[in-house]
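# Structure at a glance
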Amino acid sequence: MTDKGLVLTGDRPTGPLHLGHYIGSLRKRVEYQEKGHPVFIIIADWQVLNEDPSRSGMIRSNIETIILDYLSVGIDPKQTNIFIQSQVPAITILTEIFQQITPYSWLANNPTVKDEMRRHLERMGRTDVKVGKEERAFTVGFFAYPVSQAADILFCLGEIVPVGKDQEPHINLARDIAGRFNDIYGRPIFPKPECVVDTITPRLPGLGGPDEKMGKSAGNAIFLSDPIALVWEKLKGAYTDPEKPKKGDTGHPDICPIFAYWNAFEAEWDNIASVREDCESGSLGCFDCKKRFFDTILQPFLQRIHERREVALGSVDVWEIVRQGTSAANKAGEGTLELVREVMGIDYPM
Ligand code: TRP
């Protein structure tokens with residue numbers, strides 16, 4: 001990897017972004033941006049169609065929301081290219097090429113795809129689909145979206161991919177596809193992208209307990225754009241350590257979502273050890289712990305984000321931002337495709 005490796009990551013425009021996105025990926029994007037890496041952020045609109053192709057009509061307004069979320073956390077479109085997947089033909093063409101070199105067996109049993117399929121079936125109340133046979137109920141596009149995601153990363157020769165833990169199988173697939181392409185055509189065209197997962201909090205739990213991941217549609221998320229009063233309501237009602245029903249009981253921070261939140265913001269606050277101690281000894285009750293977290297960390301953090309969002313709302317044209325980012329992405333993609341065509345010998349004289 002070069003020392004200022006190209007960073008590529010992104011999101012599905014299915015709704016507003018939440019704290020889990022911030023901890024897992026958004027804050028890393030800002031760090032890389034500040035360190036001077038080239039950063040590309042993909043708004044993966046094709047992927048929205050995976051679970052439910054009839055939802056295409058809501059993508060447009062979700063794109064507007066998500067761009068405001070980006071700006072609110074400090075992503076600067078002057079330094080970072082924000083672009084739309086479906087508007088970069090090189091990604092679609094590379095997807096076709098990668099499909100030809102990806103063995104079926106590399107896709108079967110992808111744990112993240114399986115999980116998403118299972119959850120979708122549950123939401124739909126489909127009990128007729130046999131466990132382990134989920135993919136038969138879904139489209140080819142859903143089953144194979146990790147191939148398209150490899151093209152999302154490789155079209156611009158992405159090297160660093162900051163994502164949540166659940167995305168790891170996809171990034172590993174992209175590495176394998178890159179390696180296979182380079183082997184077949186005998187030239188090292190593609191880098192092997194590296195998956196960067198937050199080590200302190202690989203997976204931020206939701207408000208409903210430590211076993212569930214914070215998710216857009218799971219009803220367990222604190223959204224970056226939630227009004228402050230609503231955030232406190234949500235936090236007050238959040239699940240904590242079940243073995244600590246009242247203040248004075250000894251607590252178990254490692255199974256408590258609120259402690260996971262403290263931990264996630266550790267870099268911004270250096271006194272995490274005292275929260276652990278006070279929880280374990282019983283001197284800090286769960287309500288007081290939530291209040292302390294809200295007052296010292298969450299509220300000031302969200303306030304900053306909301307202020308930036310307000311400024312952006314009054315001063316920027318989100319479609320102009322995405323037009324410029326997409327233009328940069330297309331430039332990168334055309335360069336890659338030219339090389340790909342050349343090494344494959346499909347650069348026809350026409
Ligand atoms: N699958 C990712 C998600 O659901 C979004 C995504 C699409 C992505 N293409 C990508 C992430 C490329 C990293 C790199 O969050």
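In case you missed it, the structure is sitting above this.
Residues numbered from 1 in each chain as written. Predicted model: local features only at pLDDT ≥ 70, side-chain atom pairs only at ≥ 80, totals over all residues. Heavy atoms only, no water.

Let's shift gears to the site of the ligand. Contacts to the ligand come from 13 residues, most closely from R12, Q47, Q149, D152 and Q167. A distance of 2.7 Å is found between a nitrogen atom of the ligand and a side-chain nitrogen or oxygen belonging to D152. Interatomic distance of 2.9 Å between a side-chain N/O atom of Q167 and a nitrogen atom of the ligand. In isolation the ligand offers 370 Å² of accessible surface; the protein chains occlude 90% of this area. For the shell around the ligand, the secondary structure elements donating two or more residues are β1 (7–11) and α8 (145–154). (Near = heavy atom within 4 Å. Polar contact = N/O pair within 3.5 Å; in protein donor to acceptor, adjacent residues only side chain to side chain. Areas by Shrake-Rupley, 256 points an atom, 1.4 Å probe, with all protein chains shown as cover. Helix = DSSP H or I, 4+ residues; strand = E, 2+ residues; numbered from the N terminus.)

Turning our eyes to something else, we now look at the pattern of salt bridges. Going through the model one piece at a time under the given rule, you end up with 24 salt bridges. A salt bridge links R292 to D278; the shortest N-O distance between them is 3.7 Å. Placement of the pair is R292 in helix α13 (residues 286–315) and D278 in helix α12 (residues 272–281), with a sequence separation of 14 residues. Judged by its relative accessible area of 23%, D278 falls in the partly exposed class. Taken together, the shared-partner salt bridges connect K114, D115, R118, R119, E134 and E135 into one network. (Salt bridge = Lys/Arg side-chain N within 4 Å of Asp/Glu carboxyl O. Buried < 20%, exposed > 50% of the residue type's maximum accessible area, 1.4 Å probe, protein only.)

The element strand β3 (residues 80–84) is largely enclosed, with a buried count of 4 among its 5 residues. The sheet contact formed by strand β2 (residues 39–43) and β3 spans 5 bridges and is parallel. Across the sheet, I41 pairs through a bridge with I82, a residue of β3. (Pairing = 2+ DSSP bridges.)

Right, let's get into the packing of helix α11 (residues 257–264) against α12. Where α11 meets α12, the axes come as close as 10 Å, and the angle between the chain directions of the two elements is 165 degrees. The orientation of α11 relative to α12 falls into the category roughly antiparallel. Read as a crossing pair, α11 and α12 show a hand that is left-handed. Two secondary-structure elements touch here, α11 through F259, W262 and N263 and α12 through I272, V275 and R276. (Axes fitted to C-alpha atoms, helices over the stretch in contact; angles between N-to-C directions. Parallel < 35°, antiparallel > 145°, perpendicular 65-115°, else oblique. Left-handed = near helix turned anticlockwise from the far one by under 90°. Contact = heavy atoms within 4.5 Å.)

Another aspect to go through is α13. Spanning 30 residues, α13 covers 41 Å between terminal C-alpha atoms, matching the ideal 44 Å at 1.5 Å per step. Of all the bends in α13, the greatest, near 45 degrees, is centred on F294. Listing the buried residues of α13 in full gives C289, K290, F293, F294, I297, L298, F301, L302, I305, H306, R309 and A312. Looking at the buried residues of α13, the elements they touch are α1 (19–34), α3 (59–72), α10 (228–236), α11 and α12. (Expected span 1.5 Å × (residues − 1). Bend = angle between axes of the 7 residues up to and from the residue.)

All right, on to the packing of aromatic side chains then. Per the counting criterion, the structure on display carries 16 aromatic pairs. On the numbers, 5.8 Å between centres and 70 degrees between planes, the contact of W232 with F287 is edge-to-face. Of this pair, W232 sits in helix α10 while F287 sits in helix α13, and the two are 55 residues apart along the sequence. Each member of the aromatic cluster is reached from another via a ring pair, and the members are Y22, Y261, W262, F265, F293 and F301. Across from the ring centre of Y145, 5.0 Å away, lies the NZ or CZ of R12, which sits over that ring. (Phe/Tyr/Trp six-rings, centres within 6.5 Å; stacked < 30°, edge-to-face > 60°. Lys NZ or Arg CZ within 6 Å of the ring centre and 35° of its normal.)

Under the definition given, this model contains 0 disulfides. C156 forms no disulfide, and the closest cysteine sulfur to it belongs to C195, at a distance of 16 Å. With no disulfide of its own, C279 lies 6.4 Å from the sulfur of C256, the closest cysteine sulfur. A residue is classified by how much of its surface remains accessible, and C279, at 11% relative accessible area, is buried. (Disulfide = S-S within 2.5 Å.)

Right, let's talk about the packing of α8 against helix α9 (residues 168–185) for a bit. Orientation of α8 relative to α9, taken along the N-to-C sense of each, is 70 degrees, at an axis distance of 9 Å. By the angle between their axes, α8 is roughly perpendicular relative to α9. Residues Y145, P146, V147, Q149, A150, I153 and L154 of α8 form the contact with α9, whose own contacting residues are H170, I171, L173, A174, I177 and A178. Classifying every residue of the contact of α8 with α9 by side-chain character gives 11 nonpolar, 2 polar and no charged. (Nonpolar A, V, L, I, M, F, W, Y, C, P; charged D, E, K, R; others polar.)

The next point concerns the side chain of S72. Position of S72 among the secondary structure elements: in helix α3. The residues touching S72, leaving out its near neighbours within four places in the chain, are I305, R308 and R309.

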